[in-house]
Amino acid sequence: MNATTTNAFQMAQQQFDQVADQLNLDAQVREYLRWPLREFQFRIPVRMDSGEIRVFNGFRVQHNDAIGPCKGGIRFHPSETIDTVRALATWMTWKCAIANIPLGGGKGGVVIDPATLTNSEKEKLCRGYIQQIWRNIGPRQDVPAPDVGTTPQMMGWMMDEYSKLTGQYTPGVITGKPVGGGGSLGRTEATGFGTIYHLREAMKMLKIDSSKCTASIQGFGNVAQYAAIGFTELLKGKVMAVSYWDRDDRRSYTKGIDARFLQGITDQYGAIDKDAASKAGYVIEDDMAWLSKDVDVLIPAAIEGQINAETVEMISEKVRIIAEGANGPTTLEADEELKKRGVFMLPDFLCNAGGVTVSYFEGVQNDMNYYWSRDEVLTRLDEKMTVAFHSVYELYEKEKIFMRDAAYMVAINRVVKAMQLRGWI
Ligand code: NAD
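The structure displayed is predicted, hence computed values, not measured ones.

Draft legend 1. Summary view of the overall build of the chain. The secondary structure content of the chain amounts to 14 helices and 12 strands. Relative to a compact globule of 425 residues, whose C-alpha radius of gyration would be 22 Å, the chain shows 20 Å and is just as compact. Dimensions along the principal axes, computed over C-alpha positions, put the chain at roughly 55 × 55 × 40 Å. Looking at the chain as a whole, 60% of its 425 residues are labelled buried. Partitioning the intrachain contacts of the chain with sequence separation of at least 6 by distance along the chain shows that 72% fall at a separation of at least 24.

Draft legend 2. A look at the packing of helix α3 (residues 82-99) against helix α14 (residues 403-421). Where α3 contacts α14, the two axes come as close as 8 Å, and the packing angle between them is 90 degrees. By the criterion of interaxial angle, the relationship of α3 to α14 is roughly perpendicular. Taken together, the residues of α14 that come into contact with α3 (itself represented by Trp91, Thr93, Trp94, Ala97 and Ile98) are Ala407, Tyr408, Val410, Ala411, Ile412, Arg414 and Val415. Counted by class, the contact of α3 with α14 contains 10 nonpolar, one polar and one charged residues.

Draft legend 3. Structural view of the site of the ligand. Residues in contact with the ligand amount to 25 residues; listed here are only the nearest, Thr191, Phe220, Trp245, Gly270 and Asn327. Gly149 is positioned with one of its backbone polar atoms (N or O) 3.4 Å from an oxygen atom of the ligand. At 3.1 Å from an oxygen atom of the ligand is found a side-chain nitrogen or oxygen belonging to Arg187. Contact with the protein chains hides 92% of the accessible area of the ligand, taken as 830 Å² for the molecule alone. Elements represented by at least two residues in the shell around the ligand include exactly α6 (187-206), α7 (222-233) and β7 (238-244). Broken down by class, the residue content of the shell around the ligand amounts to 10 nonpolar, 11 polar and four charged.

Draft legend 4. Spotlight on helix α4 (residues 119-133). Spanning 15 residues, α4 covers 22 Å between terminal C-alpha atoms, matching the ideal 21 Å at 1.5 Å per step. Those residues of α4 not exposed but buried are Glu121, Lys122, Leu125, Cys126, Arg127, Gly128, Tyr129, Ile130 and Ile133. Elements that come into contact with the buried residues of α4 comprise β1 (38-47), β2 (53-64), β3 (70-77), β4 (104-111) and α5 (152-166).

Draft legend 5. Summary view of the pairing of strand β6 (residues 214-218). Most of β6 is tucked away: five of the five residues are buried. Neither face of β6 is left uncovered, since the one carrying Thr214, Ser216 and Gln218 and the one carrying Ala215 and Ile217 both have all their residues buried. Note that β6 and β7 share three bridges and pair parallel. Directly across from Thr214, in β7, lies its bridge partner Lys238. After leaving β6, the chain enters α7 and then returns to the sheet as β7, a path that is right-handed. Sheet analysis places β6 next to strand β10 (residues 297-300), joined by four bridges and oriented parallel. Bridging across to β10, Ile217 finds its partner in Ile299.

Draft legend 6. Highlighting the environment of Thr170. Note that Thr170 resides in the loop between α5 and α6. Discounting residues that sit within four places of it in the chain, Thr170 has contacts with Pro139, Met159, Tyr162 and Ser163.

Draft legend 7. The side chain of Thr331, seen in detail. Examined against the element boundaries, Thr331 turns out to sit in the loop between β11 (321-323) and α10 (332-341). Within polar-contact distance, the side chain of Thr331 engages the side chain of Glu333 at 3.2 Å.

Draft legend 8. Quick look at the pattern of salt bridges. Taken as a whole, this structure holds 32 salt bridges when the rule is applied. The partner of Asp147 in a salt bridge is Arg75, with the nearest N and O atoms 2.6 Å apart. One end of the pair, Asp147, is in the loop between β5 (142-146) and α5; the other, Arg75, is in strand β3, and 72 residues separate them in sequence. Arg75 gets classed as buried once you look at its relative accessible area, which sits at 4%. Across the pair Glu304 and Arg75 runs a salt bridge, and its minimum N-O distance is 3.1 Å. Taken together, the residues span a long stretch of sequence, with Glu304 in the loop between β10 and β11 and Arg75 in strand β3 at a distance of 229 residues. Through salt bridges with shared partners, one network takes in Glu123, Arg127, Asp160, Glu161 and Lys164.

Draft legend 9. Up close: the sheet that holds β5. Reading across the sheet, the five strands line up as β1-β2-β4-β3-β5 and stay open at both edges, with mixed pairing between neighbours. Each edge of the open sheet is held by one strand with a lone partner, namely β1 and β5. Pairwise comparison of adjacent strand axes, ignoring direction, gives a mean angle of 25 degrees for this sheet.

Draft legend 10. Summary view of α14. Taking 1.5 Å per residue, 19 residues should reach 27 Å; α14 reaches 27 Å between its end C-alpha atoms and fits that length. α14 sits mainly inside the fold: 14 of its 19 residues count as buried. Just downstream of α14 lies Gly423, where phi reads positive at about 80 degrees.

Draft legend 11. Main features of the nonpolar core. The biggest cluster of nonpolar side chains holds 91 residues, and the ones touching the most others in it are Trp94, Leu199, Phe231 and Leu346. In terms of residue count, α14 provides more of this core than any other element does, 12 residues in total. Residue contacts for Leu346: discarding those within four places in its chain leaves His198, Leu199, Ala202, Ile321, Ile322, Ala323, Glu324, Cys351, Phe389 and Met403. Residues Met48, Val110, Met155 and Val173 belong to the second largest nonpolar core, which totals 25 residues.

Draft legend 12. Just the packing of aromatic side chains, in detail. Throughout the structure, instances matching the rule amount to 14 aromatic pairs. Aromatic pair Trp94 and Tyr408: ring centres 6.2 Å apart, planes at 65 degrees, arrangement edge-to-face. Highlighted residues: Trp94 in helix α3 and Tyr408 in helix α14, separated in sequence by 314 residues. You'll find Trp94 and Tyr408 in the same group, each marked buried. An angle of 50 degrees between the planes, with centres 6.2 Å apart, marks the rings of Phe344 and Tyr393 as tilted.

Conventions we followed
- Along each chain, residues carry numbers from 1 onward, in the same order as the chain's sequence is written.
- Note on the predicted model: pLDDT of at least 70 is required for a residue's local features to be given, and 80 or more for side-chain atom pairs to be given and counted; whole-chain, interface and lining totals, by contrast, use all residues.
- To obtain the side-chain values, all non-hydrogen atoms of the structure were used and water was disregarded.
- Secondary structure elements follow DSSP: runs of H or I of four or more residues count as helices, runs of E of two or more count as strands, with numbering from the N terminus.
- Using C-alpha atoms as the atom set, the radius of gyration is obtained and then compared with a globule rule of 2.2 Å times the number of residues to the power 0.38.
- With a 1.4 Å probe rolled over the protein chains alone, any residue whose accessible area is under 20% of its type maximum counts as buried; one over 50% counts as exposed, and the rest are partly exposed.
- Two residues form a contact once any of their heavy atoms are found within 4.5 Å.
- Axes here mean lines fitted to C-alpha atoms, for a helix over just the part in contact, with angles spanning 0 to 180 degrees between N-to-C directions.
- Here is the rule for angles: anything less than 35 degrees is roughly parallel, anything more than 145 is roughly antiparallel, 65 through 115 is roughly perpendicular, and the remaining ranges are oblique.
- Each residue receives one of three labels: charged for Asp, Glu, Lys and Arg, nonpolar for Ala, Val, Leu, Ile, Met, Phe, Trp, Tyr, Cys and Pro, and polar for the others, Gly being one of them.
- Any residue with a non-hydrogen atom lying within 4 Å of a molecule or strand is treated as near it.
- Polar contact is defined as a pair of N or O atoms within 3.5 Å, subject to the rule that within protein one atom must be able to donate a hydrogen and the other to accept it, and that residues adjacent in sequence are counted only when both atoms are side-chain atoms.
- All accessible-area figures derive from a Shrake-Rupley calculation using a 1.4 Å probe, and residue coverage is judged against the displayed protein chains alone.
- Each helix should span, by expectation, one fewer than its residue count multiplied by 1.5 Å.
- Paired strands, as defined in this entry, are two strands with at least two bridges between them according to DSSP.
- We call a crossover right-handed when, viewed with both strands directed away from the observer, the connection leading from the first strand over the helix to the second proceeds clockwise.
- For this document, the term salt bridge refers to a Lys or Arg side-chain nitrogen within 4 Å of an Asp or Glu carboxyl oxygen.
- Note on terminology: a nonpolar core comprises buried Ala, Val, Leu, Ile, Met, Phe, Trp, Tyr and Cys residues joined through side-chain atoms within 4.5 Å.
- Ring pairs shown here join Phe, Tyr and Trp side chains whose ring centres sit within 6.5 Å, with only the six-membered ring taken for Trp; geometry is labelled stacked below 30 degrees between planes, edge-to-face above 60, and tilted in between.

Structure below.
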């Protein structure tokens, strides 16, 4: 299912509108929050290894900074659009609010498949991105991070470029940096493990024994890998399928997978070596097979718009929980069907807030110039995610509403309160 069939920003606005109606939100406040505060679009010229100049389109969107500096990843993807970046920036505002960290919402992107670039071209593109936007980002303005198609190494180059341009070593300008280069231990596993901490709390509340549960996962990149490892090692459950996007033909790998084995034959973009997997006995299926598995839990952890009006019917009656590791994987139409079926939803900006939470911890450590152990980071992450889950679950129980709506209500109320306290509204 192609992400381009869904306009993510329209989806983000519709989700917001629905909850704004339920909250009876003032029309002026809605106007403020429906659109990003600032948007930047720019061109990034790069001299390729061949000697020719190629010009790439770049974006940075700052949705809202009432609670603190904007925060959000930079995505390198061939179908990146300004609307995708707007949607992701908007969701970041709600995500930081729900995680209760003092940051706002931002996001960036470049229209490129990074796997088509050499290492030196990638470095030039990363440095070029910063050359275009450095005046409008910074530890107290807007703090980028990695997303789909970008890696800790790329964040290291970007931080270095910003530090050179400003004349000061400024690790706090970007998070998701490599450990040893200003990064935080625990950042790599943060989003996947955060998803698992939410699942653990949900299962406790729903009285489900996780060790008897199965899961199917879309994606096998950063989030999916650690969600798979966490599901197996922390929850003692079994992962039946993962999937990834193959440049030639999309495939989904099935059979009680060994997440750590598959991680060993997966490249930096989350593409699995399918020959090695086949040799090890893995069955290769069609791209959407992951969605129709008879499992207890679905974890979409690839891209947006995957569970939609067309695909929702493929979901097995057995599925009890959807844990959205990805941003925006479920459309509003699909939500309606899932509500009818009584599927428990862990919505994206709650469920995958582990990444931004450890990014925030990274910024805190950069500011202190003192670094925590991995255990300390993950313990603090677990605490934050557990509190966030229960702040939403309490409202869900009290009002008998969909978890996504409950999460929106908590988040919107926090942002509106910060805007009031600053005298914006
Ligand atoms: P990644 O680039 O590491 O991995 C993406 C994975 O998705 C890869 O395995 C890729 O093959 C797969 N994929 C891409 N298109 C696909 C398609 N059409 N069908 C099936 N699989 C496809 O990215 P990531 O960092 O793991 O991010 C995944 C999702 O989680 C994104 O929505 C991202 O915005 C969100 N997210 C990431 C983080 C983080 O910390 N990395 C934090 C919060 C949210």
